[in-house]
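Coordinate analysis (summary)
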Amino acid sequence: MPITKFITIESTAVPLPIENIDTDQIIPARFLKATTRDGFGNNLFRDWRFDKNDQPKDNFVLNNPTYTGSILVAGKNFGSGSSREHAAWAIYDYGFKVVVSSFFADIFKNNALNNGLLPVQVSEKFLAKIFSAVNNDAKTKFRIDLVSQEITIINSGEKESFEINPYKKECLINGYEDIDFLLSLKEKIIEYEKKR
């Protein structure tokens, strides 16, 4: 699953106003047997999405056709628990390109950035505005501009800045994994070596 370039995205959002969502809830341990990144989206939030008979639970937001989009908006402290990279794989494979929260666990945040998924950390006040906007109108769109590092509620024009590691920002904008970044510097490395 190659990482796609991320510059700006405009999309509706899927609200998941639950705090302390850990990686075992994102992708239960029993689904970690595969060695490639593909297919994990099928089991994203598996125990919340499906009952014991593998039937979709009507009351879970991913089963509600009212809410769509490539932005997942979650409560505070998203991605806590074990360090499994599969959590980021599952979210990305499902189709989300951005997760918005007021706080991310550090390991999840790094795993997300390494796999093309943008974690946008906003203030609790702005997160509440996002949830309110989606609850009032599920078709509300948001713009995430990685270059300017801003998230905007398009209807109201309200916006907030977010932080991102400059190296990871460059990788996302160019669709680079770490090795791709090194390869992009190949000519500079060769030139440097010639001068030594």
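Residues numbered from 1 in each chain as written. Predicted model: local features only at pLDDT ≥ 70, side-chain atom pairs only at ≥ 80, totals over all residues. Heavy atoms only, no water.

**Considering the sheet that holds strand S1 (residues 8-11)**
- Across the sheet, 4 strands lie side by side as S1-S6-S7-S8; this open sheet has antiparallel pairing. Taken across any chain shown, the strands that pair with only one partner, and hence form the sheet edges, are S1 and strand S8 (159-161). When the angles between neighbouring strand axes are averaged without regard to direction, this sheet yields 10°.
- One ladder, built from 3 bridges, connects strand S7 (residues 150-153) with S8; its direction is antiparallel. If you follow Thr152 over to S8, its bridge partner there is Lys159.
- The strands that helix H5 (residues 124-136) touches are strand S6 (142-145), S7 and S8; relative to S7, the one it contacts most, it runs at about 35°. (Pairing = 2+ DSSP bridges. Helix = DSSP H or I, 4+ residues; strand = E, 2+ residues; numbered from the N terminus. Axes fitted to C-alpha atoms, helices over the stretch in contact; angles between N-to-C directions. Contact = heavy atoms within 4.5 Å.)

**Focus on the packing of aromatic side chains**
- For the structure on display, the rule yields 8 aromatic pairs.
- Members of the aromatic cluster, each reached through a chain of ring pairs, are Phe45, Trp48 and Phe60.
- Taking NZ or CZ as reference, Arg46 lies 4.3 Å from the ring centre of Phe50, over its face.
- Above the face of the Tyr92 ring, Lys97 is positioned so that its terminal group lies 4.3 Å from the ring centre. (Phe/Tyr/Trp six-rings, centres within 6.5 Å; stacked < 30°, edge-to-face > 60°. Lys NZ or Arg CZ within 6 Å of the ring centre and 35° of its normal.)

**Here we look at helix H3 (residues 86-94)**
- Across the 9 residues of H3, 7 count as buried, placing the element largely inside the fold.
- What H3 keeps buried is the set His86, Ala87, Ala88, Trp89, Ala90, Ile91 and Tyr92.
- Looking at the buried side of H3, the elements it contacts are helix H1 (23-26), strand S4 (98-101) and helix H4 (106-114).
- Positive phi appears at Gly95, one or two residues downstream of H3, with a value of about 125°. (Buried < 20%, exposed > 50% of the residue type's maximum accessible area, 1.4 Å probe, protein only.)

**Comments concerning the sheet that holds strand S3 (residues 71-74)**
- In space, the 4 strands of this open sheet follow the order S2-S3-S4-S5, with parallel pairing throughout. Both outer strands of the open sheet, strand S2 (13-16) and strand S5 (118-121), are each paired with one neighbouring strand and no more. Here the strands of the sheet are splayed against their neighbours by 20° on average, with no regard to which way each runs.
- Note that S4 and S5 share 4 bridges and pair parallel. Among the inter-strand pairings, Val98 is bridged to a residue of S5, identified as Leu118.

**Some words on the pattern of salt bridges**
- For the structure on display, the rule yields 7 salt bridges.
- Taking the shortest distance from any N to any O, the salt bridge between Lys76 and Glu124 comes out at 3.1 Å. On the criterion of sequence distance, the pair formed by Lys76 in the loop between S3 and H3 and Glu124 in helix H5 is long-range, its members being 48 residues apart.
- The exposure class of Glu124 is partly exposed, given its relative accessible area of 49%. (Salt bridge = Lys/Arg side-chain N within 4 Å of Asp/Glu carboxyl O.)

**A look at helix H6 (residues 166-174)**
- Those residues of H6 that fall on the buried side of the exposure criterion are Lys168, Lys169, Cys171 and Leu172. Each buried residue of H6 sits inside an arc of 165° when the element is viewed along its axis, so together they form one side.
- Its side-chain oxygen 2.8 Å from the backbone nitrogen of Tyr167, Asn165 forms the N-cap of H6. (Arc of directions from axis to C-beta. Polar contact = N/O pair within 3.5 Å; in protein donor to acceptor, adjacent residues only side chain to side chain.)

**With respect to unusual backbone geometry**
- Here Phe45, not a glycine, exhibits a phi torsion of approximately 50°, which is positive.
- Looking at where Phe45 falls in the secondary structure, it is placed in the loop between H1 and helix H2 (46-49).
- A positive phi angle is found at Asn77, which is not glycine, with a value near 70°.
- Examined against the element boundaries, Asn77 turns out to sit in the loop between S3 and H3.

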